[in-house]
Amino acid sequence: MPDPQEKQEAPADGGAASMGAPPPPEAEDDTELVFASVDEFYDDFLCQIVRRRVDGVHLAWCPDWWLHPEAVARITALWRAFEYLRLDAALGMSHWWLQHADPHLAALMHPLTGPFALCSVAEGHTAKLDPLPGNPSPPEMWDHPAFSIHAAEEAKQDREGAEVPEQIAD
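Residues numbered from 1 in each chain as written. Predicted model: local features only at pLDDT ≥ 70, side-chain atom pairs only at ≥ 80, totals over all residues. Heavy atoms only, no water.

(A) Examining a nonpolar patch on the surface more closely. A surface patch of nonpolar side chains, about 330 Å² in accessible area, is lined by Met141, Trp142 and Phe147. Within the element layout of this structure, Trp142 appears in the loop between helix H3 (92-109) and helix H4 (149-161). A relative accessible area of 36% places Trp142 in the partly exposed class. (Patch = residues over 30% accessible without salt bridge, like charges linked within 9 Å, V, L, I, M, F, W, Y side chains within 5 Å. Areas by Shrake-Rupley, 256 points an atom, 1.4 Å probe, with all protein chains shown as cover. Salt bridge = Lys/Arg side-chain N within 4 Å of Asp/Glu carboxyl O. Helix = DSSP H or I, 4+ residues; strand = E, 2+ residues; numbered from the N terminus. Buried < 20%, exposed > 50% of the residue type's maximum accessible area, 1.4 Å probe, protein only.)

Spelled out as structure tokens, the structure:
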């Protein structure tokens, strides 16, 4: 099994690593990962165990799923959740299926709204879906601690740096 700590080169074809996919999860203890990478998780587990009739009408899938940033993000989330939840012998896998796999797979495989809506198993990948539209927002809109880690840090520094008034004696 490849070392999960080993840095991997970004594929020249624009695959997962070149799309900014996060590095593999690191166990906080010395627990070894079952799958060393998201593609190993997909190849050796997910596509082997999840079997569906992918007809493009009821369910859609792209054989080049790794060319879709949303699919990479969702399958990476599935992998990370799997590695964490598998350690819970009681309910971990049930939780993984019901709270992670089922909703992610439903979103990915939706034939009208999913990222594979224009792809097909027979004809392969189609890169015709554009990113969601969006106009630039005014930067000051995000200056509140609820929307920005930088604003939250500034607010914390302001609170810590403010003089604490002396208590008035009774």
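From this point, the narrative continues.
(B) The arrangement of helix H1 (residues 38-49) in detail. Helix length check: H1 (12 residues) gives 15 Å between terminal C-alpha atoms against 16 Å at 1.5 Å per residue, within 8%. Among the residues of H1, Val38, Glu40, Phe41, Tyr42, Phe45 and Leu46 are the ones counted as buried. Turning to H1, the residues buried within the fold contact helix H2 (69-85) and H3. (Expected span 1.5 Å × (residues − 1). Contact = heavy atoms within 4.5 Å.)

(C) Here's a closer look at a negative patch on the surface. There is a patch of like negative charges on the surface, built from Glu140, Asp143, Glu153, Glu154 and Asp158. Along the polypeptide, Glu140 turns up in the loop between H3 and H4. The exposure class of Glu140 is exposed, given its relative accessible area of 54%. (Lys, Arg positive; Asp, Glu negative; His and termini not counted. Charge placed at Lys NZ, Arg CZ, Asp CG, Glu CD.)

(D) Local environment of the packing of H2 against H3. Where H2 contacts H3, the two axes come as close as 10 Å, and the packing angle between them is 175 degrees. The angle between H2 and H3 falls in the class roughly antiparallel. Contacts between H2 and H3 involve Glu70, Ala71, Arg74, Ile75, Ala77, Leu78, Ala81, Phe82 and Leu85 on the former and, on the latter, Gly92, Met93, His95, Trp96, His100, Ala101, Pro103, His104, Ala107 and Leu108. (Axes fitted to C-alpha atoms, helices over the stretch in contact; angles between N-to-C directions. Parallel < 35°, antiparallel > 145°, perpendicular 65-115°, else oblique.)

(E) Broad picture of the packing of aromatic side chains. Applying the stated criterion to the full structure yields 14 aromatic pairs. Where Phe41 meets Phe82, the ring centres are 5.7 Å apart and the plane angle is 50 degrees; that geometry is what we call tilted. Within this pair, whereas Phe41 is found in helix H1, its partner Phe82 is found in helix H2, the two being separated by 41 residues in sequence. Of the residues examined, Phe41 reaches a relative accessible area of 0% and is grouped as buried. By relative accessible area, Phe82 is classed as buried at 7%. (Phe/Tyr/Trp six-rings, centres within 6.5 Å; stacked < 30°, edge-to-face > 60°.)

(F) Fine view of the nonpolar core. Of all hydrophobic cores here, the largest spans 27 residues; its most connected members are Phe41, Leu46, Trp61, Trp65, Ile75, Trp96 and Phe116. For this core, the secondary-structure elements that each account for two or more residues are H1, H2 and H3. Take this core: its biggest share by element is eight residues, from H2. Ignoring sequence-local partners within four residues, the contact set of Trp61 consists of Tyr42, Val54, Ile75, Leu108, Met109, Phe116, Cys119, Ser120 and Val121. (Core = buried A, V, L, I, M, F, W, Y, C linked by side-chain atoms within 4.5 Å.)

(G) Structural context of the pattern of salt bridges. For the structure shown, the criterion picks out two salt bridges. Arg74 is the salt-bridge partner of Glu70, the closest N and O atoms lying 2.9 Å from each other. Taken together, the residues span about one helical turn, with Glu70 and Arg74 both in helix H2 at a distance of four residues. With relative accessibility at 23%, the residue Arg74 sits in the partly exposed group. Arg86 serves as the salt-bridge partner of Glu83, at 2.8 Å between the closest nitrogen and oxygen. Residue class for Glu83 comes out buried when judged on its relative accessible area of 5%.

(H) Fine view of the state of the cysteines. The full count for this structure, using the stated rule, is zero disulfides. Among the cysteines around Cys62, which has no disulfide bond, Cys119 carries the closest sulfur, lying 3.6 Å off. (Disulfide = S-S within 2.5 Å.)

(I) Highlighting the confidence of the model for the protein. Residues at a pLDDT of 70 or more form 78% of the protein, whose mean pLDDT is 83. Per-element confidence in the protein ranges from a low mean pLDDT of 86 for H4 to a high of 98 for H3. In the model, residues 1-25 has pLDDT below 50 throughout and makes 41 contacts with residues more than four positions away in sequence or in other chains. (pLDDT = per-residue confidence, 0-100.)

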